[in-house]
Structure formats: C-alpha cells, structure tokens
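# Architecture at a glance
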Amino acid sequence: MGTYYYTLLCKTFLPNHSITIESTKLYTRANTLCQKTTHFGFHEHHFDSVLVGCVNMEEIVKEEVKEEHERRFRWIEIRHNNITEAQRQAISKLPFRMANRCKALMRQIICFSDEKGVIFDLLAAWVKIMKPRRADWLAVLKELNVIDHPHYIKVAEHALLEESFEANIRDYTKIIHYYGEHNQLEDAENVLTAMKQRGFICDQVILTAMLNMYSKAGHLDQAKEYFEEIKLLCETLDKRSYGAMIMAYIRAGLPEQGEELLEEMDEQEIYAGSEVYKALLRAYSMNGNAEGAQRVFDAIQLAGISPDDKICGLVINAYGMAGQSQNACIAFENMRRAGITPTDKCIASVLAAYEKESRLNRALEFLIDLEKVGIMVGEEASGLLAKWFRKLGVVKEVEHVLRDFATR
C-alpha cells in the first residue's frame, strides 16, 4: 500500500527531478527510485512533509549551494608525512611561545597552495574555528614578516576587515609603508582610500608615509601635494616630514629648494637626520657646487654631527670638480688636523683640482709630501695621474721629476 502511493506521488509531482531520501542518504532519479519495491508505514512516514519538500526543491538546492560556498576551504590539520622537507623545516622554526591557534594558522599558510583555494577562505575558516584576538593576528603578521612570506600582505589586508583584529590607523600605516618599499604606489593609494571610507582620519604619520613613498619613487608633484596636506593639519611638522620633502627635492635635482627647507627647520630648531645632510652635501658635490657644499658642511657641524672621511671627501670632491685646488688643499689639511685619515678618493679629488688648473708641479709636490708622512697613493689616484700624464705625453719626464723630488 505504501509503495503504491509513493510511486503515484513521484510520478505526479516529480517526473523529471532528483530527490533526497534523508533516512537513507540516497540520491537518485525519481523514476528509478519509484521502480524499486520499498515498504513504508503510514505511521512512520508522513507524505505531507514529502510534498512540501518536493514543492520547495529550489530552496533546498539554493541552501546546498550556499553551504558549499561556505565550505570552499576545508580545514584539515597539517600532517608531517604529507608535506615537503622545506615546509617541515619552516614549521619547526616557528616560535616556541607562539599560541597554538597561531601555530595552526602558520602551518596552514606555510603549506598553502592554489589547489586548496584562496588564502582569504583559509583566514575566514581560522577566524570561525579558532576565534582569534588582536594579539593572535599581530603574532601571525610578525612571523610572516620575519620570514618574508609572500602571503604577508594578503593576510595583513584581510585582517583589516576582521572585527577581531580591531584595526587602527597604524595598521593601515604599516601596509602603506610596505607598498611604498615595494614601489606599489597604486596599491598604497587604494589602502588610504579604503581607510578613509571606513571612517579613519588621516594624521601626520600616515601622510608622511605617503610623502616618503612618493619621494623615494621620484614623484615630486605628488610629494608636494602630501607635504601641503600635512601643513593643513595645523600641526608642527616633524623632522620626518621635512626630511622626506628635502629628499624629494634632491632626487628631482633641486638641492637649492631642499636647502631652503633645511634653513626653515633650523629656524624652528628642528634638525634633520644625518642622512639628509649627507644627501644634500652629495648632491652639491656631484654637481661641482663648491659654495653649496661648504654651506651644507657648515650646517652639519652646527647640527652637532661629527664629520667623517666620507663627509670631508664630498667637500674636497666639490672643490676638485670646481677646479679650486687651493680650497681643496685647505679642506684636505683641515681633515688631517681633525685626526681623520684621508681616503684615496680625497687624494684623487685634490689631484683633479690641480689637473683642471694644469698645475702639474704642484700636484707632484703634493704627492711627495704625502709620501713623507706615510700616506700612499691608491688605485683611483694613480689612475687619474696616469691619464693626466698620457694627455701631456710626459710619462718619462715625470719619472725623472719624481726622482729629483725624492732626492731633495
């Protein structure tokens, strides 16, 4: 009796559709199922529920698709017998004191591949299963950064969207700084835009990060825009903001404008880092701008930065390129009096100044004086001398002159 009514219902309501028999977990076509002899008791099975299931089959299918979508990544604990030796080594180096939930995620990330899905599904599964806190996110991000893992930035960006991460403006700053270091300017702009859309207000730190990024990339106009935006905050500019803008001018070949900002800093008793002074000095030195190099050198000493052989070498090089041999010699002697051992580059710079003024005899006297105090000429200075002698065609004559100088 039960078989007859069941077959009738199937033919009437589902002639061409598949159904699910929950009690047996059997998936087949309705017509095939109806041909099999199956006995049901009215007291055990209620056909009204079957009818409702048949009519709402579309909703059931949608629900199954939804569940399948939610199960895109299946969390399976990593086993040592199913991973490579490199993965095993990486897992063994995880910090001993790292929380277990963090280690679980790190193992998954280390062994993750495209065949397993996308990294964002893995992170979503971790959040759902492990219920991490902000400290857990930070521990994972720190370790990914330490091992320079390629998924570091993906995890960092996804963390911003998770409530458990409790994102703040400094988290966005770190990501922008990362993109800046990798010259991914558009990605950095996208992160800044997303931050604003989520209700965060830009401060001097994050704007300076953007300024520094464009400064390093050589985009002067964009750097100036962010510098002006920092000024609109009505806060005192710090040495990082000034320094980044000065470096932008230097990279754009405008050291004079950079020096103007440096003077503005001095007026406010804000001193730039030594790297900014050295970069500005180098810019003047490579251009042969001796006056500019001397001004920056004086500013370096006023800022309390002790000159070293590189700083002194840049000043001497500026005089050398400008052909000012007397000033180059004065700077060289001041360097020695300060107890700084001159480099071969410094000697070559003095010789270059003598060459520009065609003062060969004075250059030879300079070399003899150095030899008397035990300072030997190196490869760079010797190469410059050899080229100079070849131009003059006096290689043999110079040998005789050097012997004469040596016997005095």
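On a predicted model such as this, the values are computed, not experimentally measured, just so you know.

Next up on the list: the overall build of the protein chain. For the protein chain, the count of helices and strands is 23 helices and 2 strands. In the protein chain, buried positions account for 41% of the 408 residues. For the protein chain, long-range pairs separated by at least 24 residues make up 61% of all intrachain contacts whose partners lie at least 6 apart in sequence. Entry remark: accessible area of the protein chain is about 24200 Å², with carbon and sulfur atoms responsible for 51%.

We now examine a negative patch on the surface. Together, E256, E260, E263, D266 and E267 line one region of the surface with negative charge. Secondary-structure assignment places E263 in helix α15 (residues 255–267).

This brings us to the confidence of the model for the protein chain. Mean pLDDT over the protein chain works out to 82, with 78% of the residues at or above the 70 mark. In this model, residues 1–71 is a region of pLDDT below 50 whose contacts with residues beyond four sequence positions or in other chains number 42 contacts.

This part covers the packing of aromatic side chains. A full pass over the atoms with the stated rule returns 9 aromatic pairs. The interplanar angle of 15° and the centroid separation of 5.9 Å between the aromatic rings of Y214 and Y226 together place this pair among those described as stacked. Highlighted residues: Y214 in helix α12 (residues 204–217) and Y226 in helix α13 (residues 220–231), separated in sequence by 12 residues. Taken individually, Y214 and Y226 each receive the classification buried, so the pair is uniform in this respect. The interplanar angle of 55° and the centroid separation of 6.2 Å between the aromatic rings of Y354 and F366 together place this pair among those described as tilted. On the criterion of sequence distance, the pair formed by Y354 in helix α20 (residues 344–356) and F366 in helix α21 (residues 360–372) is long-range, its members being 12 residues apart. A network of ring pairs unites the aromatic residues W126, W137 and F165 as a single cluster. The ring centre of Y284 lies 5.8 Å from the NZ or CZ of R295, which sits over that ring.

The rules behind the values
Residues numbered from 1 in each chain as written. Predicted model: local features only at pLDDT ≥ 70, side-chain atom pairs only at ≥ 80, totals over all residues. Heavy atoms only, no water. Helix = DSSP H or I, 4+ residues; strand = E, 2+ residues; numbered from the N terminus. Buried < 20%, exposed > 50% of the residue type's maximum accessible area, 1.4 Å probe, protein only. Contact = heavy atoms within 4.5 Å. Areas by Shrake-Rupley, 256 points an atom, 1.4 Å probe, with all protein chains shown as cover. Patch = residues over 30% accessible without salt bridge, like charges linked within 9 Å, V, L, I, M, F, W, Y side chains within 5 Å. Salt bridge = Lys/Arg side-chain N within 4 Å of Asp/Glu carboxyl O. Lys, Arg positive; Asp, Glu negative; His and termini not counted. Charge placed at Lys NZ, Arg CZ, Asp CG, Glu CD. pLDDT = per-residue confidence, 0-100. Phe/Tyr/Trp six-rings, centres within 6.5 Å; stacked < 30°, edge-to-face > 60°. Lys NZ or Arg CZ within 6 Å of the ring centre and 35° of its normal.

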